[in-house]
Amino acid sequence: MLNVAAQTDSIRQLNVVEIKATRSLYFSSASKFQLIDSATLERYSNNNLADLLAHESMVFIKSYGLGSLASSSFRGAGSSHTAVLWNGFNLQSSMHGMIDLSLIPANFLNTVQLQFGSASALWGSGAVGGAIHLNNSNTFNKGISVYSNTSFGSFFDKQQQLSFELSKKRIVSTLKVFNHDAKNDFEFTNRAQYGKPIQRQRNAELKQYGLLQENYIQINQFQLLNTRYWYQYSDRQMPPSMTQNVNVSIQKDESSRFTTEWQLNKNKYSVNVRAAYFDEKLYYEDSLSALFSKSHSQSAIVELETKFSITKYDMLNIGVNNTNNSAYTESYNKRYNQNRSSVFASYRLHTLNLKWNAILNVRQEFLNSQVLPFTSSFGVDGNVFKYFYLKLNVAQHYRIPTFNDLYWVPGGNPNLLPESGLSEDATIAYKQVLKKVKVELEAAAFNREIKNWVIWQPDVSGIWSPQNIQEVWSRGLEYKLNVNYRTSKWEVLVSGLYNYVLSTNQKSVSANDATLHKQLIYVPIQNSQGNFLIQYKGTSISYNHIYVGYRYTSSDNKNYIKPYSVGNVRLSHDVVLTGAKIKVYAQFNNVFNEKYEIIEYRAMPLLNYQLGLAIYFNEKNK
Amino acid sequence: MKTNKILLFTAITFGTIFTSCKKDDPEPDPTTPTASTTYDNGVFVTNEGPFGSGTGTLSFISRSGAVAYNDIFEAKNTFPLGNIVQSMSIHNTKGYIVVNNSGKVEIVDGSTMASEGTITGFTYPRYFLGIDNSKAFVTEWGTGGLAGSVKVVDLVTKTITATITTGKGAENMVKVGNKVFVACGGGFDNDSVVTVIDALTNVVDTTIFVGANPSYIQVDANNNVWVLCKGKQNATWTALEQTGKLVRLNGTSYSTELSLSFASTSSQPTNLVVNAAKTTLYYNYSGKLYAHAITATSLNATATINRSFYALGIDPVNDQFYGSDAVDFSSNGKVIRYTSAGVTIDSITVGVIPGNFYFK
């Protein structure tokens, strides 16, 4: 399995690990990472990625409500400043730069890794605040496995998941399907209406289904081939905000994503060739506004890279990437095409025991015929005083304007420059294993500037148009505590996270600009989280608590919404039989009935639950 | 020993976490009034509010004061006005606040702002015009902002009683005698008419073609009607294929007496207002404020104020100009006051996107 510990594994194991790893592991060891492992993902099997990250990480998830659009903010950056990489391929939309995290089912993923800090030299445009790595991996020779998971919950939430896996000595083939329906007609107090009436959420129904098919073939001792196909359809109604009386709009999202990768792993070098084709359709209909909008985008990505050592103290990776994006919507006056080529290289110097590493990453991207800013990062990481781990990283970043920014009629501005800037961060961790207790403490500090931030504002003739006008300075502190006690029967886990992030506008656009040095809207200054889990044999109870501080809703920080605290409880019981495992679980969200809004006047549900049954069956190969 | 070390380290870390939990409570806004404040002798400013799911607000600037009372509706009624507050009028001592994206009109006491009910059932309503003690007209853009109508409202039952179809994007209205002139600015599409309605019978009298997208309308001292047409964008929104126009209609015969075209193919004229004597009109064009005497037969080349405004008003009491600046459309806006000669008096912070004035 791919995990952070693999970073410190010896070079001899490299070939084994390589099968599943992208270059992130080797050349980002100076970045702060958070791994969400398969055990955690299993606890969130009937949730989407937005729920998972809101509960298990300090990435701020800006959600419009249950099952609605959810985007991410890393370290005070914007929603298009997070690279979301599915097995190394960027899923950010070429049209608007975002991806709706509520459309990614957690059970389609094997691990999720969060990389904090800028990583454009490794991942290209968009990896500004951080990167979310969504990984699929597999193990050969496990036999035949069947997994089913069914859950029912509040507001007519129904989910079914089914997986089949055939794992032979040299071939693994898996198929996962899911189906999810919900009415989401929860009750809430409408504080925006006279008398603050209790209302039932309207127009909030969703229907989603999808499949993921993966194949892994060990061609011979050195070569591995894989293919993945991910299809998903989502049909959602868009609920009104509390200040709107009615909303009848719907949104349909349909995506097909195909990837393939060939790996050659020799002792002295490795070669990877990977390709992807993404097709994304979005249909938005608001019959009240008589708005019927269709958009359709495609991306074709080809990447080639090779990795080798020159001496026993180093590792070099060189690669090229070509990405072709194409998109059309009625609001562009034609279909636009964008061709992006990049050359990238990474060099890591390390001590023989791998305790100390120094890494340089560089990337040069060309957009159509335009030369984009050269991007690099340099980092050092190492182990001091036995239990302490230190990481220092300095990175340049950039984000190219989206198709909407460039081509939208009216207002699109084809002369926009890429956003760019520099980030620095330092992480210190203390890790100690004491018999049955494992303790991990981590503190990180970061500093980042984003120049030429694209903002839409009316121009002189009153037409909304994007300009490179904002300059944003973000800085903050992040703390983490993790204590784990484990015996053969018991497991106790206590963890806490706390973030303090300032993300302020540094550029005055007008005289006496009241937004100067003010926090960006919807970036909480403080948030924290606690997790407590206790498990005895196959029975566990866990409690998760989230606190999100004030969020400003106007750029001069005169308007804001209140902090909120939400508690969630989960109970789970496993019954292990020969060759099979049955899991019964119950999830209770918002157990203290907190009335809260993530986005102003967007209702969130009070106490709600999900009950589920998962059955796993495995028959080993003979 | 080792366990102690871990405990110590844990304690230090938690200590650091809690001490760094800085209090970040925002300060209360000193411009929010108490619930007992009354609002007379001044101007109401409707603030559209942030786009998306937010709420608009209502501000009040007294003629003698140098600061505004902000968010006066919620301060009195403890609930917000709703999404995109478009405009306000006072009719028979009651305030009628038109909330565009919430499709409603909030009724308040014109002095205390105490809520007196809501009229619902509109689709993108824009402006309110009181006709008599029991009747009012409300313009709306209709479905998709692609239609246009005047809704007839019964002020006693607070319900919509009839719909009068007009040109697309019914906008500002003026009343001359018993006739109501409705500027039809095109909404999210284009149109070029003024619809004239008989206020006694609620029937359309006639439709007058004036010029592309007439959004602003005023009556002068001679009871003639002035219409400001914004012009029409080409298909790619790169230039105006029809430039703006200032048109004078005879208030009784409806004939077009004067039609003056603006030269610019990029700038659209906006914000037509008239002074207290109703002898001079003012409008924004090309980033400036221009005057137009009702006797003039050509457009003025010299500006009165070298600045354009998001919304514009003239105080009928003293002819002072009120111009609004929406700044970045995401923070509190400003209202700048000028003397009738165009000399700056002061600048006052109001709510997010100040879009209309009502002088009381």
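Since this is a predicted model, take the numbers as computed values, not measurements.

Peer 1: In this structure, what is going on with the overall build of chain A? I would like to understand it.
Peer 2: Tallying secondary structure elements over chain A gives six helices and 34 strands in all. C-alpha extents for chain A along the principal axes are approximately 65 × 55 × 45 Å. Out of the 622 residues belonging to chain A, those deemed buried represent 57%. The contacts in chain A between residues at least 6 apart in sequence include a share of 62% that link residues at least 24 apart.

Peer 1: Teacher, can you tell me more about the interface of chain A and chain B here?
Peer 2: Note: interface size is frequently given as the accessible area lost on complex formation between the parts. Contact with chain A, which involves 52 residues of that partner, is made by 49 residues of chain B. Of the roughly 4200 Å² buried between chain A and chain B on both sides combined, carbon and sulfur atoms contribute 60%. Our count for the chain A to chain B interface comes out at zero salt bridges. Those elements that provide at least two residues to the side of chain A that touches chain B are β24 (419–434), β25 (437–458), β26 (464–486) and β27 (490–505) of chain A. With four residues, the top contributor of residues to the side of chain A that touches chain B is β25(A).

Peer 1: Is there a simple way to think about the nonpolar core in this case?
Peer 2: Grouped together as the largest cluster of nonpolar side chains are 32 residues, with contacts concentrated most on Leu49(A), Leu53(A), Leu101(A), Val112(A), Leu114(A), Ile132(A) and Leu134(A). For this core, the secondary-structure elements that each account for two or more residues are α4 (49–56), β4 (82–86), β6 (111–116), β7 (130–135) and β16 (269–286) of chain A. Looking at this core, the element that brings in the most residues is α4(A), giving four residues. Among all residues touching Ile132(A), those that are not within four sequence positions of it are Leu49(A), Leu53(A), Ser72(A), Phe74(A), Thr82(A), Ala83(A), Val84(A), Leu85(A), Leu101(A), Val112(A), Gln113(A) and Leu114(A). In terms of nonpolar packing, the next biggest core, distinct from the first, is built from 16 residues, Val176(B), Val210(B), Val227(B) and Tyr254(B) among them.

Peer 1: Explain the sheet that holds strand β5 (residues 89–90) of chain A to me, please; I cannot follow it from the model alone.
Peer 2: Backbone-to-backbone hydrogen bonds join strands into a sheet, with any given pair of strands oriented parallel or antiparallel. Residues and elements named next belong to chain A. Reading across from one edge, β1-β6-β7-β4-β5 is the order of the five strands in this open sheet, with mixed pairing throughout. Each edge of the sheet is formed by a strand with only one pairing partner; in this case those strands are β1 (32–36) and β5. Sheet topology places β4 next to β5; two bridges connect them, and they run antiparallel. Residue pairing in the sheet places Trp 86 in a bridge with Phe 89 of β5.

Peer 1: What is the right way to read the pairing of strand β6 (residues 104–109) of chain B from this model?
Peer 2: In the case of a regular strand, side chains alternate between the two sheet surfaces. Residues and elements named next belong to chain B. The element β6 is extensively covered by neighbouring structure, given that five of its six residues are classed as buried. Bridge analysis of strand β5 (residues 94–99) against β6 gives six bridges, and the strand direction is antiparallel. Directly across from Val 98, in β6, lies its bridge partner Val 105. A loop of four residues connects β5 with β6, the two strands running antiparallel in sequence, and Gly 103 in this loop sits at a positive phi of about 60°. In this structure, β6 lies alongside strand β7 (residues 115–120), joined through five bridges in antiparallel fashion. Looking at β7, one finds that Val 108 is bridged to Ser 115. Counting the residues between successive antiparallel strands, the hairpin from β6 to β7 contains five residues, one of them, Met 113, with a positive phi of roughly 70°.

Peer 1: Help me out: how do you make sense of unusual backbone geometry in this one?
Peer 2: Glycine aside, the phi torsion of most residues is negative, and most peptide linkages are trans. Cis peptide bonds are those with omega within 30 degrees of zero, and the linkage from Val409(A) to Pro410(A) qualifies with 5°. Here Pro410(A) shows up in the loop between α6 (403–407) and β24. The backbone of Asn92(B) shows a phi angle near 50°, a positive value even though the residue is not glycine. Structurally, Asn92(B) is set in the loop between β4 (85–91) and β5. Since its relative accessible area comes to 43%, Asn92(B) is described here as partly exposed. Of note, Asn271(B) is a non-glycine position whose phi angle comes to about 60°, a positive value. Structurally, Asn271(B) can be placed in strand β22 (residues 270–274).

Peer 1: Help me understand the confidence of the model for chain B in this model?
Peer 2: Atomic detail in the predicted coordinates should be set aside for any region of low pLDDT. Mean pLDDT over chain B stands at 91; residues scoring 70 or higher make up 93%. In the predicted assembly, ipTM is 0.83 and pTM is 0.90.

Peer 1: What exactly am I supposed to notice about the sheet that holds β4(B) here?
Peer 2: Residues and elements named next belong to chain B. One open sheet holds the four strands; their spatial order is β4-β5-β6-β7, and the pairing between them is antiparallel. The sheet is open, and its two edges are formed by β4 and β7, each paired on a single side. Adjacent strand axes in the sheet meet at a mean angle of 20°, parallel and antiparallel pairs treated alike. In terms of strand pairing, β4 meets β5 through six bridges, oriented antiparallel. Along β5, the bridge assignment pairs Ser 89 with Tyr 96.

Peer 1: For this particular structure, what's the right way to read α4(A)?
Peer 2: Residues lying three or four places apart along an α-helix face the same way, a consequence of the helix completing one turn every 3.6 residues. Residues and elements named next belong to chain A. Counted residue by residue, α4 has six buried out of eight residues, so it is predominantly covered. Three or more residues of α4 are buried, namely Leu 49, Ala 50, Leu 52, Leu 53, His 55 and Glu 56. A distance of 3.0 Å separates the backbone nitrogen of Ala 50 from a side-chain oxygen at the start of α4, and that oxygen is part of Asn 48.

Peer 1: Just to check I follow, could you spell out the pattern of salt bridges for this structure?
Peer 2: Once their charged atoms are close, side chains differing in charge can pair, the charge on each being opposite to the other. All names here are of chain A. Under the defined criterion, the tally for this structure stands at 38 salt bridges over all chains. Glu 478 is the partner of Lys 32 in a salt bridge, and the nearest nitrogen-oxygen pair spans 2.7 Å. Placement of the pair is Lys 32 in strand β1 and Glu 478 in strand β26, with a sequence separation of 446 residues. Residue Lys 32 is classed as buried on the basis of its relative accessible area, which comes to 9%. For the salt bridge of Glu 440 with Lys 480, the shortest nitrogen-to-oxygen distance reads 3.5 Å. Of this pair, Glu 440 sits in strand β25 while Lys 480 sits in strand β26, placing them 40 residues apart in sequence. What makes Lys 480 buried here is its relative accessible area of 13%.

What counts, and where the lines are drawn
Residues numbered from 1 in each chain as written. Chains lettered and ligands numbered in written order. Predicted model: local features only at pLDDT ≥ 70, side-chain atom pairs only at ≥ 80, totals over all residues. Heavy atoms only, no water. Helix = DSSP H or I, 4+ residues; strand = E, 2+ residues; numbered from the N terminus. Buried < 20%, exposed > 50% of the residue type's maximum accessible area, 1.4 Å probe, protein only. Contact = heavy atoms within 4.5 Å. Buried area = accessible area lost by both parts, 1.4 Å probe. Salt bridge = Lys/Arg side-chain N within 4 Å of Asp/Glu carboxyl O. Core = buried A, V, L, I, M, F, W, Y, C linked by side-chain atoms within 4.5 Å. Pairing = 2+ DSSP bridges. pLDDT = per-residue confidence, 0-100. Axes fitted to C-alpha atoms, helices over the stretch in contact; angles between N-to-C directions. Polar contact = N/O pair within 3.5 Å; in protein donor to acceptor, adjacent residues only side chain to side chain.

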